[in-house]
Amino acid sequence: QVQLVESGGGLVHPGGSLRLSCAASGAIFSGHIMGWYRQAPGKQRELVAVITSGGITDYGDSAKGRFTISRDNAKNTVNLQMNSLRPEDTAVYYCNLRVGGIEWWGKGTPVTVSS
């Protein structure tokens, strides 16, 4: 079993920055992928960014050029630095870990971008 705990969400003005963190614990196997997804009210959950254990990254279109994902394999943490935030970035952000065909989700941390 894997547990994922997110932190760092909150309220920020448009143009501001936030840093989300996710700590993973439990039976974590090598070769897993960690990442962030988000779900806005009334919308489907969408990819924000993912990163492999080797550091290869992939970003959703809305995150490219503004968000940066990073990870610390020794600490089993993944971070998301979000810059130039927009109101449309408002959503609940979920941490995800997957290995093979199995995945786990955190409970989510809300991000609100508003003036």
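Heads up: the structure comes first, above all this text.
My aim in this report is to walk through the structure given alongside it, one point at a time. These numbers were taken from a predicted model, which means no experiment stands behind them.

1. Things to note about the environment of Gly-101
Position of Gly-101 relative to the elements: it lies in the loop between strand E9 (91-99) and strand E10 (102-105). Put simply, Gly-101 and Leu-20 are 81 residues apart on the chain and 25 Å apart in space, counted from C-alpha to C-alpha.

2. Quick word on the state of the cysteines
On inspection of all chains with the given rule, the structure shows one disulfide. Two residues share a disulfide in this structure: Cys-22 and Cys-95, whose sulfurs sit 2.0 Å from each other. Looking along the S-S bond of the Cys-22-Cys-95 disulfide, the torsion reads about -85 degrees, which is the left-handed sense. With Cys-22 in strand E3 (residues 18-26) and Cys-95 in strand E9, this residue pair connects regions lying 73 residues apart in the sequence. When its relative accessible area of 1% is taken as the criterion, Cys-22 is described as buried.

3. Observations regarding the pattern of salt bridges
Across all of its chains, the model carries four salt bridges by this definition. In this structure, Arg-38 engages Glu-46 in a salt bridge whose closest nitrogen and oxygen atoms are separated by 2.6 Å. When the shortest N-O distance is used, the salt bridge between Asp-89 and Arg-66 registers 2.8 Å. Of this pair, Asp-89 sits in the loop between strand E8 (77-82) and E9 while Arg-66 is found in the loop between strand E6 (57-59) and strand E7 (67-72), placing the two residues 23 residues apart along the sequence.

Cut-offs applied
- Residue positions are counted from 1 within each chain, in the order its sequence is given.
- Whole-chain, interface and lining totals are the exception, using all residues; otherwise, since this is a predicted model, local features are given only for residues with pLDDT of at least 70 and side-chain atom pairs are given and counted only at 80 or more.
- Excluding hydrogens and water, the side-chain values take into account all heavy atoms of the structure.
- Under the scheme used here, helices are H or I runs from DSSP no shorter than 4 residues and strands are E runs no shorter than 2 residues, and both carry numbers assigned from the N terminus.
- Whenever a pair of cysteine sulfur atoms sits within 2.5 Å, that pair is classed as a disulfide.
- The rule is simple: take the accessible area with a 1.4 Å probe, protein chains only, and divide by the maximum for that residue type; under 20% is buried, over 50% is exposed, in between is partly exposed.
- For this analysis, a salt bridge means a side-chain nitrogen from Lys or Arg found within 4 Å of a carboxyl oxygen belonging to Asp or Glu.

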